[in-house]
Amino acid sequence: MESSLTARDRVGVQDFVLLENYNSEAAFIENLRRRFGENLIYTYIGSVLVSVNPYKELEIYSKQQMERYRGVSFYEISPHIYAVSDNTYRAMRTERKDQCILISGESGAGKTEASKKILLYYAVTCPTNDHMATLGDRLLQSNPVLEAFGNAKTLRNDNSSRFGKYMDVQFDFRGAPVGGHILNYLLEKSRVVHQNHGERNFHIFYQLLDGGDNDLLTTLDLERKPQNYHYLVKGNCPRLSSVSDKNNWKVVMKALSVIGFTEEEKLLNIIASVLHLGNTQFGEGEEGETYITTETQITNLAKVRTVPLVLLGVQICKNTCKKMISPLDFEQAVSARDALAKAVYGRTFTWLVEKINQSLALKVGKGCSVIGLLDIYGFEVLQHNSFEQFCINYCNEKLQQLFIELTLRSEQEEYETEGIAWETVQYFDNKIICDLIEEKHKGIISILDEECLRPGETCDVSFLEKLEDTLGGHPHFVTHKLANGKTRRVMSREEFRLLHYAGEVNYNINGFLDKNNDLLNRNLKEVMCQSDNQILSHCFRREEVIDQKRPEMAATQFKNSLTKLMEILMSKEPSYVRCIKPNDAKQPGRFDEVLVRHQVKYLGLMENLRVRRAGFAYRRRFEAFLQRYKPLCPETWPNWHGRLADGVSALVNHLGYKAEEYKLGRSKIFIRFPKTLFTTEDALEAKKPDIGASLILCYCLFLDVFLQLYVQLISLLVCVFLFRFIKGFIYRHEEYCPENEYFLDHVRYSFLKNLRKNLPKSVLDKNWPTPPPSLIEASEHLRRVHMRNMVMKYCRRVQPEWKKQMMQKVVASEIFKDQKDSYPQGVGRLFLDSRLEREQINLKVIQTLANDKVQYGVSVVKHDRRGFKPRSRQLLLTNTFAVLVDRTKLKQRIDYTALRGISVSSLSDGMFVLHLPNEDNKQKGDLVLHCNHVIELVTKLAMMASKVNYVNISPGSIRFAMARGKEGIIDFVRGSELKVTKGKRGHLLVSAGRKVFFIILKNISAS
Ligand SMILES: Nc1ncnc2c1ncn2[C@@H]1O[C@H](COP(=O)(O)OP(=O)(O)OP(=O)(O)O)[C@@H](O)[C@H]1O
Ligand SMILES: [Mg+2]
């Protein structure tokens, strides 16, 4: 408001409470018009924000703008949706009370845009971590999805929300958004099967046809042209110039993936099946029977697996009546088809909201604070008003009631806290209209329900008669029969009129009973329960078919959900955004006064202003008032040192305020007329040059005195600190006591500071600053925590490949460490995935192995059991066996399950023996092999065969089995070079590098 005071002469007033003539609607609208002309679309009424749709992009929503409004008091800066967002957020944080922002206005006034801007403000400005950033994305991305399925082009808005939405954003103790939850209200299902001229069905149908790729459309048996679908041609408006269905399709698909959706296919099947259902046509037989003329549609429906084929064909043409099957007539069949399409779409929409809620659900802790956003249909008066408008306008009556109650309550509370007498405010209490609609037994909804349930002939007209009988004479209810001559001329016989708080609306009763019944033939429900599509089988529960209890009627359901909504809103601190649409042509820069006046009226803005201005136009805390106007009074300038109330009193006395112009509360001053305030403001403007000069003088004097004091103070402080330091040093070995506390604290602080700079950077770095004696334990604890942290970070960075390598090395160390001389060398090398290139293994071998894929291959030398002749071979490891290969031939297969053990020497040779079964004499015996990568090979083999515990490391010799029960021994000896030779008595000598081994193979008779 302060900025508004200074800016008031330029573009109207930024807060309507400063309008001199606050009772004048003309002055109100003129203020809106002037500001709108300058692109100033926001104006306050106290804390309520009035927003006029600019119908063009304004550069007032950037990140810098968000920063401008962060943490800044409402009144210090020009009105903005960000100011409301920020204030609500801060109130939630500081007062720890849940908040809600109620956005209202007629269709196209900018409610949804406003709610998106609020969400974006929180997503950008609130503290976050990675998890929360994802949540912020999901919150934002829920919008395109819900808009695709719940919004449509209407005559009034190209992106009209055809459902009401209340969204809770949950914040944790740090003020970070951590969860969300959406409640949806009354989707306009009738749009699925019918659209008025110039309007469209829900966006998703057109997006799918325009954006879906050819394969997808073929799978769904769809054609690209919307004109080919009966449900899309009713409004004769397949395309929109302002919207690209193709681009929006991409946006929606991406949003679905951000939200974590996995059921796209099933969801699109349902959308396609609604279109196929719409194209299902009926004919009438000679004997009046109804049959389906478009069987292909039924086939398509079955193909997309939403509705079982045969059943659907039969069921749409059959009806149950006292458990007997009777043919439906033509009209009944058409309406059963449409009822099915509406039910399928409506329930899928509710399922979608549930799904989004699961994705937004709070994952961490409890104890959150909440900001709720209500974006709900505004008051609607169309040429032809039906059941939907009745519900929408009833909802607005309830919200108006809440608004008046809460605004008056908060005003009254403020007066009470401030100790100021409450002056009664005259306002229209719309409770009488709410009762007219919702009262038990007597209200319109009860009468409608009764009429739906009553046995015997009931129809819309009988409902109207019942209304007339029961409500005739009510001051807010009129019908053609009850009206006087003048009203009769503008009413048809099929209408009833309600005198809403916002104006009169005539409702046409045609369709009221059907829409309230909203019943789906039991057979069709049964069919849907059998659908293969899991979304549908979730939406149509078998229990529902079995349950004999009648479900609640649509209006009662809506009434109950509104009661719950009111409870939710009542439990929170409300803020209001009132949206206004400046023209019907959706054009920037056009301000249609008649249209705006109408909205000002039904939004109750004048009423709101009157309540706000009933007592006082302006109120401000003492300190804020004194701070701003203190230069105007010698007693309060430059500073007031007494009680704030006395300072304000001195100030207003000096300014000559009259008793009727103001009141002092306990912490605030209340000023009755804007004029008083403007005079004070003008005086402040005039005083500014003087204030400037006296400020400079004061500043110079202050600087001089300050410098002198500063020098004295610094010298004193140095002495005090030096003394405490020396004393502390002397007592440093004592327990913590007043004499040494300063010194010890200093030592600890220095250690921690030093530690922060010199923390080890890697797990291998074992340096750690030496702690002072008092911090030894803490230092050790910190060292462990830091080490654990580094290890965790290191582990997180390890790539899967590297992890595999490390696991193998760990096993190698378990087997060989300190046991075999070549281990340090072998383990130091990278273990390769294979030592043989794919081309090195013969194709025939690979073909023979077929499905048993080679996991590892290496060249080995096989020593014959007789004569020990060395032969080149390949050893290939698969998942279940190893195989010894000679070029194209598989020489020997060793099943891992049969492998009895693996022996190696403790020296640095590459010899190893695979011990094989030798139960009978037919067996050839164990395999004696040599490999240059024995550490790697044996490790891999042991791991793959799960035989890590079967590896023996023999220091001197290895015994091995030979054919016919004979046994051989390999003796290992150190030498000067690696050689494998046959000894005189059949010995084989092996020497390697600097270390030399002799391998002596002797035949020893088994006996
Ligand atoms: N602040 C804004 N800046 C620019 N354009 C806006 C703004 N607010 C609204 N609009 C324009 O007006 C159109 C209608 O706004 P919006 O969809 O928010 O209306 P609504 O009140 O939610 O209507 P409905 O009740 O039909 O859902 C938007 O598509 C956008 O083009
Ligand atoms: Mg909307």
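Residues numbered from 1 in each chain as written. Chains lettered and ligands numbered in written order. Predicted model: local features only at pLDDT ≥ 70, side-chain atom pairs only at ≥ 80, totals over all residues. Heavy atoms only, no water.

The protein chain is annotated in an unreviewed UniProt entry as Myosin Ic, paralog a of Sander lucioperca. Looking at the protein chain in UniProt, the text filed under Sequence similarities (unreviewed entry) is "Belongs to the TRAFAC class myosin-kinesin ATPase superfamily. Myosin family." (UniProt positions renumbered as here; feature names shortened; annotations may be inferred.)

**What about the pattern of salt bridges?**
By the definition in use, this model includes 50 salt bridges. R628 is the salt-bridge partner of E681, the closest N and O atoms lying 2.7 Å from each other. Residue E681 is found in helix α29 (residues 674-730), and its partner R628 is found in helix α27 (residues 622-629); the two are separated by 53 residues along the sequence. For E681, a relative accessible area of 1% translates into the label buried. For R783, the salt bridge goes to E780, with nearest N and O atoms at 2.9 Å. Placement of both R783 and E780 in helix α31 (residues 776-797) is noted, with a separation of three residues, approximately one turn of the helix. Judged by its relative accessible area of 31%, E780 falls in the partly exposed class. A cluster of three or more residues bridged by salt bridges with shared partners is formed by E106, R156, K581 and D584. (Salt bridge = Lys/Arg side-chain N within 4 Å of Asp/Glu carboxyl O. Helix = DSSP H or I, 4+ residues; strand = E, 2+ residues; numbered from the N terminus. Buried < 20%, exposed > 50% of the residue type's maximum accessible area, 1.4 Å probe, protein only.)

**Quick look at a nonpolar patch on the surface**
On the surface, Y710, L713, I714, L716, L717, V720 and F721 cluster together into a nonpolar patch covering about 620 Å² of accessible area. Inspection of the secondary structure assignment puts L713 in helix α29. (Patch = residues over 30% accessible without salt bridge, like charges linked within 9 Å, V, L, I, M, F, W, Y side chains within 5 Å. Areas by Shrake-Rupley, 256 points an atom, 1.4 Å probe, with all protein chains shown as cover.)

**Quick look at the sheet that holds strand β13 (residues 477-479)**
Pairing within the open sheet is antiparallel, and its three strands lie in the order β13-β14-β15. Strand pairing shows two members of the sheet lacking a second neighbour, β13 and β15 (503-508), which therefore form its edges. For this sheet the average axis-to-axis angle between neighbouring strands, irrespective of direction, equals 25 degrees. Pairing between strand β14 (residues 495-500) and β15: six bridges, direction antiparallel. (Pairing = 2+ DSSP bridges. Axes fitted to C-alpha atoms, helices over the stretch in contact; angles between N-to-C directions.)

**Some remarks on the coordination of the magnesium ion (ligand 2)**
The protein atoms donating to the magnesium ion (ligand 2) are T112 (OG1) and S161 (OG), with metal-donor distances spanning 2.0 Å. With T112 in helix α5 (residues 111-125) and S161 in strand β5 (residues 160-161), this residue pair connects regions lying 49 residues apart in the sequence. For the pair shown, T112 and S161 are each scored as buried. (Donors = N, O, S within 2.8 Å, 3.2 Å for Na, K, Ca; no water.)

**Examining the environment of P769**
One can find P769 in the loop between α30 (741-757) and α31. When the C-alpha atoms of P769 and L759 are compared, they prove to be 8.3 Å apart, with 10 residues separating the residues in sequence. Residues within four places of P769 in sequence aside, it is in contact with F751, N754, L755 and N758. (Contact = heavy atoms within 4.5 Å.)

**Things to note about the pairing of strand β3 (residues 99-104)**
For β3, the tally of buried residues reaches six of six residues, placing the bulk of the element in the interior. Taking every second residue as pointing to the same face, both faces of β3 are buried, with Q99, I101 and I103 on one and C100, L102 and S104 on the other. Of the pairings in the sheet, the one linking β3 to strand β12 (residues 369-375) comprises five bridges and is parallel in character. Within β12, the position partnered with I103 by the bridge is D375.

**Quick notes on the UniProt feature "binding site: ATP" (unreviewed entry) in the protein chain**
Per the UniProt record, the feature "binding site: ATP" (unreviewed entry) sits at G105, E106, S107, G108, A109, G110, K111 and T112. With respect to the helices and strands, G110 occurs in the loop between β3 and α5. Ignoring anything within four residues of it in the chain, the contact list for G110 reads N53 and C579. When residues no more than four places from it in sequence are discounted, the contact partners of T112 are E147, S161 and D375.

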